[in-house]
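Spelled out, the chains give:
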Amino acid sequence: MTSNSDAIIVGAGPAGLACAVAMRAAGLDVMVVEKAASVGAVWRRHYERLHLHTDRDHSGLPGMAMPGTYPAYPSRAQMVDYLESYAARFDIRPAFNTTVSRIRRDGGMWRADTAQQPISASAVIVATGIADPPYRPSWPGLASYSGLLLHSSDYRNPQPFAGKRVLVIGFGNSGGEIALDLANAGIEVALAVRGPVQVLPRDLLGFPILSWAILQGRLPARLVDFINAPILRLAVGDIEKLGLRRAGKGPRQMVEEDGRVPLIDIGTLAAIRAGTIKLRGAIDRLTAGSVVFADGNAERFDAIILATGFRPDLRRLVPDVDGVFDHHGLPRVTGGPTAAPGLYFCGQITSPTGQLREIGIEARRIAESAKAYLPK
Ligand SMILES: Cc1cc2nc3c(=O)[nH]c(=O)nc-3n(C[C@H](O)[C@H](O)[C@H](O)COP(=O)(O)OP(=O)(O)OC[C@H]3O[C@@H](n4cnc5c(N)ncnc54)[C@H](O)[C@@H]3O)c2cc1C
């Protein structure tokens, strides 16, 4: 497989599709390469009850809003339908079942190696997402734990956990929502929260929280957090009373400085208040059937769900470039020209103003910049 395209786009999730549409609109011929068999592969495998936590009006991709018939917060299945319609509407036909194993410079071109054949083009856009690979922390005794142990990315629904005592580890959006899913199904569930946290309501004074974040987008993070603190306290309630510790950094500062997204509460706090989700602290070690917490208490759990996020590191995919990645292997620049001309990244961000929205903005910026690679 060779390519006569101006650009190769790696990944057919929201970022890859948005880039394809924006770049085509800018006059570039693109080839999209996807390792899975369909578009939006990652959304197809997320847990079943997942809904967007960003609102419909701020989650559409360039050139096609989400349908007005969708609810304010579309479901995972609706997101998949939307991505399929988006690709169909703009006639984006990725090369499916094609994994790019390596991207490197080859003379004046970029070469993407695949199991089939290498593909070459003047520009390459890495749109491989941030939901891979799963991060699985380790504790002493982990190997001896005999219960069910899985990462949140392998969780689908509460059914396999009926009658079990489950510990969900991590207070991110996946952890909070999976614990809620289990609690709503009547399953005994505890949530292990190691450090201080921030919680945001999904809507504030009748408007999506994202609208507020966008409105305050140009203000410094510290100022935004200072202004919002009193109203957020009123909206969210006293989380310390529930046994949580509020982080010193406000929600906006947490996202901008640490790349940590606060819990957008869709019922987890109410379930903690009602006692259907129990709170536990940091974990010290595991035994055959129990978890020993840092406070010395030991408890039996039949299953542990690691809602501990992902650790993408793109240095293996793009090994031979200087000044492109930080020490975690994340690109220093996403959505614009990098230190390697013709190499772009889209969607490698945690944004306080909505990642899907930001992906659309990045795609347009990349398209504008990549026009330089059109044949003269
Ligand atoms: C559980 C969850 C909920 C989220 N909810 C929201 C939300 O409500 N609102 C919001 O704005 N954001 C949300 N996000 C964040 C973000 O918008 C999504 O992760 C979004 O899917 C990112 O799009 P993407 O195209 O960058 O990555 P992905 O959707 O992860 O797509 C990447 C694609 O690249 C393919 N790929 C990877 N490596 C290769 C390779 N080497 N060769 C070929 N193909 C490859 C993958 O198969 C995949 O199809 C959520 C994220 C998660 C994990």
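Conventions used here
Residues numbered from 1 in each chain as written. Predicted model: local features only at pLDDT ≥ 70, side-chain atom pairs only at ≥ 80, totals over all residues. Heavy atoms only, no water. Pairing = 2+ DSSP bridges. Helix = DSSP H or I, 4+ residues; strand = E, 2+ residues; numbered from the N terminus. Axes fitted to C-alpha atoms, helices over the stretch in contact; angles between N-to-C directions. Disulfide = S-S within 2.5 Å. Buried < 20%, exposed > 50% of the residue type's maximum accessible area, 1.4 Å probe, protein only. Expected span 1.5 Å × (residues − 1). Bend = angle between axes of the 7 residues up to and from the residue. Contact = heavy atoms within 4.5 Å.

1. A word on the pairing of strand β15 (residues 283-286)
Part 1 of the reasoning: The pairing of β15 with strand β16 (residues 290-293) spans three bridges and is classified as antiparallel. The partner of R285 across the bridge, within β16, is V292.

2. Focus on the sheet that holds strand β17 (residues 298-300)
Part 1 of the reasoning: In space, the three strands of this open sheet follow the order β15-β16-β17, with antiparallel pairing throughout. At either margin of the open sheet sits one strand with a lone partner, and together these are β15 and β17. Pairs of neighbouring strands in the sheet enclose a mean axial angle of 25°, with direction left out of account.
Part 2 of the reasoning: Where β16 lies against β17, three bridges are found, and the strand directions are antiparallel. Note that in β17 the partner of V292 across the bridge is A298.

3. Quick word on the state of the cysteines
Part 1 of the reasoning: With the rule as written, the count across this model stands at zero disulfides.
Part 2 of the reasoning: In this structure C19 is a free cysteine whose sulfur lies 3.6 Å from that of C346, the closest cysteine sulfur available.
Part 3 of the reasoning: A residue is classified by how much of its surface remains accessible, and C19, at 0% relative accessible area, is buried.

4. Observations regarding helix α6 (residues 221-236)
Part 1 of the reasoning: Spanning 16 residues, α6 covers only 20 Å between terminal C-alpha atoms, well under the ideal 22 Å at 1.5 Å per step.
Part 2 of the reasoning: Taking the largest bend as the criterion, α6 deviates by roughly 50°, centred on A229, and proline P230 comes between one and four positions later.
Part 3 of the reasoning: Taken together, the buried positions of α6 are A221, V224, D225, N228, L232 and V236.
Part 4 of the reasoning: On its buried face, α6 sits against β10 (199-201), β11 (203-204), α5 (209-215), α7 (251-258) and α8 (268-274).
Part 5 of the reasoning: Among the residues trailing α6, G237 stands out with phi positive, at a value near 90°.

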